[in-house]
Amino acid sequence: ETGVTQTPRHLVMGMTNKKSLKCEQHLGHNAMYWYKQSAKKPLELMFVYNFKEQTENNSVPSRFSPECPNSSHLFLHLHTLQPEDSALYLCASSREFRDTGELFFGEGSRLTVL
Amino acid sequence: GQQVMQIPQYQHVQEGEDFTTYCNSSTTLSNIQWYKQRPGGHPVFLIQLVKSGEVKKQKRLTFQFGEAKKNSSLHITATQTTDVGTYFCAVLRAQKLVFGQGTRLTINP
């Protein structure tokens, strides 16, 4: 149903592990986003990429490292995470950054940090 | 800090009752979007409002944008169990889409 695919859907990792989340969009969009959704906070914007260039880093800790090799793929590399980083990580895309059109979200990657 | 206030945070209704969620901003908005997230799902775009005083309908859903473009509402008439989920408003702030806290709707069949 969604044109934005995220893998894995579920991930459990220890604090010393290194893992990556992957996002792929099939919509021909030029902007891609990472959002964090936790139980007690609204959707938090983490990173924005527009035409593969990072345009926004919303004061995210360096243990989260994004990578955008092309406008269809977005990664979030995870290293030395904390239990409070457990959340649903949502990837989204839109036609352009600064475009006031809709965001298309992936189904999310549910991350648990032990 | 909170850039857009959405109320209520939770709403429980009997099936068939109406439901309304409100989104308020202290500053004038260029536009506002509404999203729905089903339990266990991801946010899905519902609509975008741009014009002052705009009213749009989607079947049982009515969306309004205030005259001053500082508030918006989503009203559902005669709720059904398929309406269960969290409804978010989202506004553009410094060219970024900022989401409200959401209103979680639960329905007693």
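Residues numbered from 1 in each chain as written. Chains lettered and ligands numbered in written order. Predicted model: local features only at pLDDT ≥ 70, side-chain atom pairs only at ≥ 80, totals over all residues. Heavy atoms only, no water.

Caption draft 1: Local environment of the sheet that holds strand S7 (residues 64-70) of chain A. Residue and element names in this part refer to chain A. In spatial order, the strands read S1-S3-S8-S7; together these four strands make up an open sheet with antiparallel pairing. Each edge of the sheet is formed by a strand with only one pairing partner; in this case those strands are strand S1 (4-7) and S7. The sheet shows a mean angle of 15° between the axes of neighbouring strands, direction not considered. Direction of pairing for S1 relative to strand S3 (residues 18-25): antiparallel, over a ladder of four bridges. (Pairing = 2+ DSSP bridges. Helix = DSSP H or I, 4+ residues; strand = E, 2+ residues; numbered from the N terminus. Axes fitted to C-alpha atoms, helices over the stretch in contact; angles between N-to-C directions.)

Caption draft 2: Expanded view of the interface of chain A and chain B. Across the contact, 19 residues belong to chain A and 17 residues belong to chain B. Across the chain A to chain B interface the summed buried area is about 1600 Å²; carbon plus sulfur atoms make up 57%. On inspection of chain A and its partner chain B, the count reaches zero salt bridges. Along the contact surface separating chain A from chain B lie four residue pairs in polar contact (both at pLDDT 80 or more). (Contact = heavy atoms within 4.5 Å. Buried area = accessible area lost by both parts, 1.4 Å probe. Salt bridge = Lys/Arg side-chain N within 4 Å of Asp/Glu carboxyl O. Polar contact = N/O pair within 3.5 Å; in protein donor to acceptor, adjacent residues only side chain to side chain.)

Caption draft 3: Here's a closer look at the packing of aromatic side chains. Scanning the model with the defined rule gives ten aromatic pairs over all chains in all. An aromatic cluster is defined as three or more aromatic residues linked by ring pairs; in this entry it consists of Tyr33(A), Tyr35(A), Phe105(A), Tyr35(B), Phe45(B), Phe88(B) and Phe99(B). (Phe/Tyr/Trp six-rings, centres within 6.5 Å; stacked < 30°, edge-to-face > 60°.)

Caption draft 4: Summary view of unusual backbone geometry. Of the consecutive residues Thr7(A) and Pro8(A), the connecting peptide bond is found in the cis state with omega at -10°. With respect to the helices and strands, the residue Pro8(A) is situated in the loop between S1 and strand S2 (10-13). Ile7(B) connects to Pro8(B) through a cis peptide bond whose omega is -5°. Here Pro8(B) lies in the loop between strand S1 (5-7) and strand S2 (10-14). You will see that Thr80(A), though not glycine, has its phi angle at about 55°, which is positive. Positionally, Thr80(A) belongs in the loop between strand S8 (73-79) and strand S9 (87-94).

Caption draft 5: Expanded view of the environment of Lys57(B). All names here are of chain B. Along the chain, Lys57 falls in strand S6 (residues 55-58). Residue classification places Lys57 among the exposed positions, given a relative accessible area of 64%. Residues Lys57 and Asn24, 33 residues apart in the sequence, show an inter-C-alpha distance of 20 Å. (Buried < 20%, exposed > 50% of the residue type's maximum accessible area, 1.4 Å probe, protein only.)

Caption draft 6: Local environment of the layout of surface pockets. When its volume is computed, the largest pocket comes out at roughly 740 Å³. Lining the largest pocket are 31 residues, with Gln37(A), Ala39(A), Gln37(B), Thr86(B) and Arg104(B) sitting closest to its centre. Its residues assigned to classes, the lining of the largest pocket shows ten nonpolar, 14 polar and seven charged. One number sums up the size of the second largest pocket: a volume of about 560 Å³. Around the second largest pocket sit 24 residues that line it, and Pro42(A), Leu43(A), Glu44(A), Leu45(A) and Asn58(A) are the ones nearest its centre. Of all the secondary-structure elements, those providing two or more residues to the lining of the second largest pocket are strand S4 (31-37) and strand S5 (44-50) of chain A together with strand S10 (96-99) of chain B. The element contributing the most residues to the lining of the second largest pocket is S10(B), with four residues. A breakdown of the residues in the lining of the second largest pocket according to their chemical character gives eleven nonpolar, six polar and seven charged. (1 Å grid on protein atoms, 1.4 Å probe; cavity = no way out; pocket = protein on both sides within 12 Å on 5 of 7 lines; lining within 4 Å. Points joined across faces, edges and corners; volume = space filled by probe spheres on them. Nonpolar A, V, L, I, M, F, W, Y, C, P; charged D, E, K, R; others polar.)

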